[in-house]
Amino acid sequence: MQMTRYILTYSLLMTAVVVASNILVQYPLSGELAGIQLGDILTYGAFTYPVAFLVTDLTNRQFGPAIARKVVFVGFLVGVGLSFATSQPRIAIASGSAYLVGQLLDIAVFNKLRRMTWWKAPLFGSIFGSVTDTVIFFSLSFAAIFSLIGPNDDFAIGSAPVLGIFALEAPRWVSWAIGDFTVKMLVGLVMLLPYGALMSTIRPMAAPKSV
């Protein structure tokens, strides 16, 4: 019964992160940093989404990869449902694919490194997961080559200075991807603090035999 409550809690946390990120992704960040107009490359959803990796890693630490994958699939179902309800099909496909592959990769890397120094598994899991998530989402969503899953966004594929400040030009979605990945890395580093603080409380437990 206690184990069931823990798993339900993780599933609810993952659902909350996915729902919050789907809402906040609609709101551009305000302000300017080093000449970069943050609203042109970032939304508030970029700051909440990386918390999903913390939820996945804590689940993996406590119950192992099988249960962690179940929690990820709960978030996947919620995320895909919300994306198809609020976004274009191409964005929904990209969002669901990026989330699922990124989180499952995080689980695999974490599980491989779980017996090493405490910070390596969550850090490298989130790095590999974030790189994969970012590449899949932005390329499927906006790269012209993937127009078979939906029409191209002319604004996204239009050329502009990278991050709005460099002489090098690239499709606008490249700057969006760079900004998104940078935030994921920063938040991923910050998430090591709660992970480390919870290690003494959240200890590995045996997964249910039915898993």
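Here, the structure is the one placed above.
The structure presented is a predicted model; accordingly, all values stated were derived computationally and were not measured. (Residues numbered from 1 in each chain as written. Predicted model: local features only at pLDDT ≥ 70, side-chain atom pairs only at ≥ 80, totals over all residues. Heavy atoms only, no water.)

A.B. asks: Whenever I open this one, the pattern of salt bridges confuses me. Can you help?
C.D. replies: When their charged atoms lie close together, side chains carrying opposite charge are able to pair. This structure, assessed with the given rule, holds 2 salt bridges. A salt bridge links Asp133 to Lys184; the nearest nitrogen and oxygen atoms lie 2.5 Å apart. Linking Asp133 in helix 6 (residues 120–142) with Lys184 in helix 8 (residues 172–190), this pair joins segments that are 51 residues apart in sequence. This pair shows no difference in class: Asp133 is buried, exactly as Lys184 is. Among the ionic pairs, Asp180 bridges to Lys184, the shortest N-O distance being 2.9 Å. Remark: Lys184 and Asp180 occur in helix 8; sequence separation between them is 4 residues, near one turn of the helix. Like Lys184, Asp180 is buried. Each of Asp133, Asp180 and Lys184 takes part in salt bridges that share partners, so that together they form one network. (Salt bridge = Lys/Arg side-chain N within 4 Å of Asp/Glu carboxyl O. Helix = DSSP H or I, 4+ residues; strand = E, 2+ residues; numbered from the N terminus. Buried < 20%, exposed > 50% of the residue type's maximum accessible area, 1.4 Å probe, protein only.)

A.B. asks: How do you make sense of the nonpolar core when you look at a structure like this?
C.D. replies: Proteins that are soluble and globular tend to have nonpolar side chains buried together. In this structure, Tyr10, Met14, Leu42, Phe138, Phe142, Trp173 and Trp176 are the most contacted members of the largest nonpolar core, which totals 50 residues. Those elements giving two or more residues to this core turn out to be helix 1 (2–24), helix 3 (51–63), helix 4 (65–86), helix 5 (89–113), helix 6 and helix 8. The biggest single contributor to this core is helix 5, with 9 residues. (Core = buried A, V, L, I, M, F, W, Y, C linked by side-chain atoms within 4.5 Å.)

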